[in-house]
Amino acid sequence: MREYMTTRDIVGPLLLIESVVDVTYGELVELEYPDGTKSLGNVLEVNGDVALVQAFEGTRGSNPSGTKAKFLGRSLELGVSRDMLGRVFDGLGRPNDGGPEIIPEKRLSIYGSPINPTARDFPDDFIQTGVSAIDGLNPLVRGQKLPIFSGSGLPHNELAAQIARQAAVLARSAQADAVGEKLEGEFAVVFAAMGITFEDADFFTQEFRTTSAIERAVLFLNLADDPAVERIATPRMALTAAEYLAYECDMHVLVILTDMTYYCEALREVSAARKEVPGRRGYPGYLYTDLATIYERAGRVKGRAGSITQVPILSMPDDDKTHPIPDLTGYITEGQIILDRNLHRRGIYPPVAVLPSLSRLKQKGIGPGKTREDHADLSNQLFGAYARGLQAKELAVILGEAALSDTDKAFVAFADAFEDRFIRQGKHEERSVAETLALGWELVALLPRTELKRIKDEYVAKYLPAEKEA
Amino acid sequence: MEQGKIVKVAGPLVVAEGLIESKMYDLVRVGAEGLMGEIIEMRGDRASIQVYEETEGLGPGDPVDATGAPLSVELGPGMLESVYDGVQRPLDVLERMAGAFLARGVTAPGLDREKRWEFTPTVSAGERVIGGDIIGTVQENVVIEHRIMVPPGVSGTIADIAPGAYTVTDAVGHLTTDGGDTIALTMMQVWPVRMARPYARRLSAAEPLTTGTRVIDTFFPIVKGGVACIPGPFGAGKTVTQHQIAKWSNAEVVIFIGCGERGNEMTDVLMEFPELVDPYSGEPLMKRTVLVANTSNMPVAAREASVYTGITMAEYFRDMGYNVVLQADSTSRWAEAMREISGRLEEMPGDEGFPAYLGTKLAAFYERAGKVECLGADSGVRNGSVSVVGSVSPPGGDLSEPVVQNTLRVVKVFWALQDQLAFQRHFPAIDWLTSYSLYLDKVETYWNAEVSEEYRGRRDRCMAILQRENELAEIVRLVGLEALSPEEQILMETAKSIREDFLQQNAFRDDDQFSSLKEQDLLLKTILLFHERAIEAHAAGAALKDIFAAPVRERITRAKYLGPEDIDQYESIASDIETQLVGGGANEDARAVYAGGER
Ligand SMILES: Nc1ncnc2c1ncn2[C@@H]1O[C@H](COP(=O)(O)OP(=O)(O)O)[C@@H](O)[C@H]1O
């Protein structure tokens, strides 16, 4: 064992340790401070016989002369096993529910390895979340990474919990105009909390308990009063567990990561302590790459039954979508669900800002056999009509309702009904995709027939309520 | 070869001592696993090395082996239909070797060493050849004939050459140089990626590279050998636009570089391209495509190299006389990789932490595009081109940031994606007011000859209508539509028709994703005919309301879904316009007649 008492400098969460031998990049370090406090750390840089170590659990209680550093010759790992299901761990993967230690099947480096792009299987199984604003317009598919961009005080936790509770995959249907039954399958939820409050974390644990989802859940909790740097490891712990469950135990895993903003702040803290040249707003220049090593761990792999679907949650500082955290996230993830403060103020749940939200994989997840043949056209029409309705409403604000043409008035009525009936739904209301589509058709029926330009004629004839009767 | 020792490891950057004879940009093997690395800085006896694989587990004292050769790609039969990482490792082969996850230290040559290709010589013993001359061909697949060339800088007399089935490293023949040396001729060339391949002469490019995307081809065209950029915030449509170009452009070879982007997007291409049929050859699109995939979670230094790997391959196909399109998605991730390495080298940062040489590197990269007279004794006969389309991902959609600004200095076409348009699901979300193409005047000759004499005029007329709409929209916002004159109201309707019936194009609808130039022209002609007749009908007393409600408008709306076989339908739409848009009472009659007819 290589143990040193040669710490020279301590800066924020970093320690500079001298006269070390055979230290490697990324190596795990056990630190013991003079007051008995312990922390795990890892090597960020090694230069000759000097190692730069980041302490995951902070440097409080350390000093240069009395700090002991033990280099362990391996990187940070997580011991994984099926027995993790139903258990709660801290942000570094140690049990904190009073239960026994996990006897690991194997120990895996938490950094994982990139999936070879040729080995990926394209995500195309529609997940019915039961939420119209998602299923109808921005559908989630198995193996996708679809974050929720939120803000303080908005109901992102409720929405994420609702998705976790209701998510189901539908059987492929032989008929283009029919929706398949829900499928049963082995699935699990992996939940990682980074820097959120006890209350928020408790909301999820209670939620998992009452729905007995807890038996299929693995929780990693780093709360607001836990060490900040530990947050850098937490999502990787969670994803390592998820990869094991998905690719070795054939489970469909939904990973909820919340709050990515606090994760990024921890990264910034370390970067600042290293005096690195910052990119935008003080965040490190490698933030994009770093986030990608988390988000890209979602997916499906050819020849393996399981999958990893990610729903990361992040709060946008000042509700600003162009802030580096949501911005870089949006460049990596396959779309985003954006929550809107105005809708929330008007009492609409879920307050999904439909227009800037996006699911990039929707083309592959919907349509004949998967959901229904008219799904794509209908959703395009709903988007287009809602956008036009909102524009007309803006005009009406300036010029008065009377200045609008009859067509524009129809669009205004549509937009209101759309928010009130399509977007709005109960926190425990589960709508099947067939119900969501039926609702969509009812709403487009409010528009003049000639305005339904984005829907193929045959679908209008088949599904538009008035035409069906005619 | 000499061996050095690691003294420092900081992320993707390793510093080694003792590499005295190595040179800048030499390839080295790092650590016991022999990870690939490249020397990017030398100070005294210390060499800084960017490593193309994860460096975890490396430490001071580990060996670094010199190779004495620069980072290069292998060029020869077998590149098409391949998918490589940023340093040309074949990803499908790696998958067979190491499984679904990328493992360190696992590597394979870019070209298969076992596979035999049927070689047919096109020169015979005794002939004199110079660098760039074609000495034979290999039918690489049904679409592409791979032309085997004498490497640049080599010349002499063919000593012997024979047809047969060869591997890429077998000698297909020999050449005697003027100095009397004998050189083996193989089908493989090895070329350093950071060095542009030579050509005889640069030519001015004037033939459009058609993409089937209407807003591009008609409004902001690119030429074969041209350079374009697509900047836009996330979700605005960069990737879809690039995929459209990769799918439908009339180039012979397509190189697609996924540089620091999503893994699933690469998978999408890999699964879709073998299924899609190339409209020009009737064969699967994959047959003309090479993919370079260095996704965002793959090592960052290999991302930096990926654009060079891609463009060197593109130049090689150009040298055979092909028109090549290279797409780099996204050049911002490439720039960020440079920034990351530069930061580790502790270089003085420029704007937003990017290295001061960002502009120079971007310009040098785009400069490798162009139309050229290929090297060889047949120079002047054989021309080739490389067109480059780079996407840019500006933070927060802010076009004033360094990568966009440095790119705009060198590209000739700017397709500006707008998130507001994307929110309204107006796709492609290319903003017609801010985008531009500096090739517009150059393609006119081709347009006149191949499409119609009126095409350019119609295009300009529509552009003027869209610009006018933008000015009038301001007035409408303040005082309402009624404030506009009837002519202006007609113009607003026409502008809307141009936007919805022409510009909007759904990449996911089979009957919409591709329009030929002829169809684009006909569509414009139809929209403008309606516009003119509407003004005349109004002057003759028809009410605006009736004009706008003319049943033919629905046919105009759906005209974009017409296929090439329905071209005669435009005639019948035109005659509908003529009969339905007439002045005053006559209009009523005409419509009554129409309503009685079939729909
Ligand atoms: N031409 C198009 N037709 C239809 N949909 C489009 C088109 N262009 C973009 N989209 C939609 O926009 C989404 C985002 O496009 P993408 O190219 O992935 O954006 P970016 O690469 O700029 O982030 C796509 O998933 C698709 O739904």
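This structure is a prediction, so every number in the text was calculated from the model and none was measured.

About the thresholds
Per chain, residues are indexed from 1 in the order of the written sequence. Labels follow written order: the first chain is A, the first ligand is 1, and so on. Per-residue local features are limited, in this predicted model, to residues with pLDDT of at least 70; the limit for side-chain atom pairs, both in listing and counting, is 80 or more; totals at the level of whole chains, interfaces and linings are taken over all residues. Computation of side-chain values covers all heavy atoms of the structure but excludes hydrogens and water. Should DSSP find at least two bridges between two strands, the strands are taken to pair. The helix and strand labels rest on DSSP assignments: H or I over at least four residues marks a helix, E over at least two residues marks a strand, and numbering proceeds from the N terminus. Residue-level confidence of the predictor is summarised by pLDDT, bounded by 0 at the bottom and 100 at the top. Throughout, a contact is declared for two residues whenever any of their heavy atoms are within 4.5 Å. Take the residue count of a helix, subtract one, and multiply by 1.5 Å to get its expected span. Relative accessibility under 20% of the residue-type maximum defines a buried residue, over 50% an exposed one, and the middle range a partly exposed one, all with a 1.4 Å probe and only protein chains included. Marked domain ranges trace back to an automatic or database domain assignment. A single heavy atom is enough: if one lies within 4 Å of a molecule or strand, its residue is considered near that molecule or strand. Polar contacts, as counted here, are pairs of nitrogen or oxygen atoms within 3.5 Å of one another; within protein the pair requires one atom able to donate a hydrogen and one able to accept it, and residues that are adjacent in sequence qualify only if both atoms are side-chain atoms. Residue-level accessible areas treat just the shown protein chains as cover; the underlying method is Shrake-Rupley with a 1.4 Å probe. Residue polarity follows a fixed list, in which Ala, Val, Leu, Ile, Met, Phe, Trp, Tyr, Cys and Pro are nonpolar, Asp, Glu, Lys and Arg are charged, and the others, Gly among them, are polar. One side-chain nitrogen of Lys or Arg within 4 Å of one carboxyl oxygen of Asp or Glu is enough to make a salt bridge. Throughout, an axis means a line fitted to C-alpha atoms (over the contacting stretch in the case of helices), and angles, computed between N-to-C directions, take values from 0 to 180 degrees. Should an angle fall under 35 degrees it is taken as roughly parallel, and over 145 as roughly antiparallel, whereas 65 to 115 is taken as roughly perpendicular and any remaining angle as oblique. We call a crossing left-handed when the near helix sits turned anticlockwise from the far one by less than a right angle, and right-handed when that turn is clockwise. Each of two parts loses accessible area, computed with a 1.4 Å probe, when they are put together; buried area is these two losses added.

Observations concerning the sheet that holds strand 16 (residues 182-185) of chain B
Residues and elements named next belong to chain B.
Okay, so step 1: If you walk across this open sheet you meet the four strands as 10-13-15-16, and the pairing is antiparallel. Strand pairing shows two members of the sheet lacking a second neighbour, strand 10 (128-129) and strand 16, which therefore form its edges.
Okay, so step 2: Pairing between strand 15 (residues 173-176) and strand 16: four bridges, direction antiparallel. Bridge pairing in strand 16 links T176 to T182.

Details of the confidence of the model for chain B
Detailed conclusions should not be drawn from predicted coordinates in areas where pLDDT is low.
Residues and elements named next belong to chain B.
Okay, so step 1: Within chain B, residue pLDDT values average 92, and 97% of them lie at 70 or more.
Okay, so step 2: Low pLDDT, under 50, characterises residues 590-599; the stretch is placed with nine contacts to residues that sit more than four places away or in other chains.
Okay, so step 3: Under the prediction, the complex receives an ipTM of 0.89, its pTM being 0.92.

What about helix 12 (residues 486-503) of chain B?
Okay, so step 1: Between its first and last C-alpha, helix 12 of chain B extends 24 Å over 18 residues, near the 26 Å set by a 1.5 Å rise per residue.
Okay, so step 2: Across the 18 residues that make up helix 12 of chain B, a large majority, 13, are buried.

Some points on the domain arrangement of chain B
Interface size is commonly expressed as the accessible area that is lost once the parts come together.
Okay, so step 1: Split by domain assignment, chain B resolves into domain 1 (3-72), domain 2 (117-188), domain 3 (202-438) and domain 4 (455-594).
Okay, so step 2: The straight-line distance from the C-alpha centre of domain 1 of chain B to that of domain 4 of chain B is 64 Å.

What about the site of the ligand?
Okay, so step 1: Close to the ligand lie 17 residues; R360(A), G235(B), K238(B), T239(B) and V240(B) are nearest.
Okay, so step 2: Near the ligand, the surrounding residues belong to chains A and B.
Okay, so step 3: The backbone of G235(B) places a nitrogen or oxygen atom 2.7 Å from an oxygen atom of the ligand.
Okay, so step 4: A distance of 2.9 Å separates a nitrogen atom of the ligand from a polar atom in the backbone of A507(B).
Okay, so step 5: Here the ligand loses 93% of its free accessible area of 560 Å² to cover by the protein chains.
Okay, so step 6: If you tally residues by element for the shell around the ligand, the top one is helix 3 (residues 238-248) of chain B, at three residues.
Okay, so step 7: Tallied by class, the residues present in the shell around the ligand amount to nine nonpolar, six polar and two charged.
Okay, so step 8: Both domains that furnish three or more residues to the shell around the ligand are identified here as domain 3 (202-438) and domain 4 (455-594) of chain B.

Some points on unusual backbone geometry
Okay, so step 1: Omega for the peptide link from T258(A) to D259(A) comes to 5°, which places this bond in the cis form.
Okay, so step 2: Assignment of secondary structure puts D259(A) in the loop between strand 18 (252-258) and helix 5 (260-273).
Okay, so step 3: Looking along the chain, the bond that leaves D329(B) and enters S330(B) is cis, with omega of 10°.
Okay, so step 4: Position of S330(B) among the secondary structure elements: in the loop between strand 24 (323-329) and helix 6 (331-344).
Okay, so step 5: A positive phi is found at Q88(B), a non-glycine position, where the angle reads about 65°.
Okay, so step 6: Along the chain, the position of Q88(B) falls in the loop between strand 8 (83-84) and helix 1 (91-98).
Okay, so step 7: Even without being a glycine, E352(B) presents a positive backbone phi close to 50°.
Okay, so step 8: Mapped onto the secondary structure, E352(B) falls in the loop between helix 6 and helix 7 (358-366).

With respect to the pairing of strand 9 (residues 87-90) of chain A
All names here are of chain A.
Okay, so step 1: The side-chain alternation of strand 9 yields two buried faces, one formed by R87 and F89 and the other by V88 and D90.
Okay, so step 2: The pairing of strand 9 with strand 17 (residues 217-223) spans four bridges and is classified as parallel. Residue V88 lies in a different strand from strand 17, and its bridge partner there is L219.

Some points on the pattern of salt bridges
Okay, so step 1: With the rule as written, the count across this model stands at 90 salt bridges over all chains.
Okay, so step 2: For D319(A), the salt bridge is made with R341(A), and the minimal N-O distance between the two is 2.6 Å. Here the residue D319(A) occupies a position in the loop between strand 20 (307-315) and helix 7 (324-332), and R341(A) occupies one in helix 8 (residues 341-345), the gap between them amounting to 22 residues.
Okay, so step 3: For D319(A), a relative accessible area of 36% puts it in the partly exposed group.
Okay, so step 4: Its salt-bridge partner being E429(A), residue R431(A) comes within 2.9 Å of it at the nearest N-O pair.
Okay, so step 5: Residue class for E429(A) comes out partly exposed when judged on its relative accessible area of 32%.
Okay, so step 6: Among the ionic contacts, a cluster of salt bridges with common partners joins E45(A), R274(A), E276(A), K8(B), E340(B) and R344(B).

Focus: the packing of helix 11 (residues 455-479) of chain B against helix 12 of chain B
Residue and element names in this part refer to chain B.
Okay, so step 1: Contact geometry of helix 11 with helix 12 gives a least axis separation of 9 Å together with a crossing angle of 120°. In this view, helix 11 runs oblique relative to helix 12, as classed from their interaxial angle. Pair helix 11 / helix 12 crosses with left-handed handedness. For the pair helix 11 and helix 12, the contacting residues are C462, I465, L466, R468, E469, L472, A473 and V476 in the first and E488, L491, M492, T494, A495, K496, I498, R499 and L503 in the second.
Okay, so step 2: Each residue belonging to the contact of helix 11 with helix 12 can be placed in one class, and the counts come to 11 nonpolar, one polar and five charged.

Quick notes on the interface of chain B and chain A
Okay, so step 1: At the interface, 77 residues of chain B touch 79 residues of chain A.
Okay, so step 2: Roughly 6,300 Å² is buried in total at the junction of chain B and chain A, and carbon and sulfur atoms are behind 52% of that figure.
Okay, so step 3: On inspection of chain B and its partner chain A, the count reaches seven salt bridges.
Okay, so step 4: Here D398(B) and R280(A) are joined by a salt bridge, their closest N and O atoms 3.0 Å apart.
Okay, so step 5: One can count 31 residue pairs in polar contact (both at pLDDT 80 or more) joining chain B with chain A.
Okay, so step 6: Ranked by residues supplied to the side of chain B that touches chain A, first place goes to helix 4 (residues 263-272) of chain B with eight residues.
Okay, so step 7: The residue makeup of the side of chain B that touches chain A, split by class, is 28 nonpolar, 21 polar and 28 charged.
Okay, so step 8: In this sheet, strand 1 (residues 3-10) of chain B lies alongside strand 5 (residues 38-47) of chain A in antiparallel orientation, the contact comprising two bridges.

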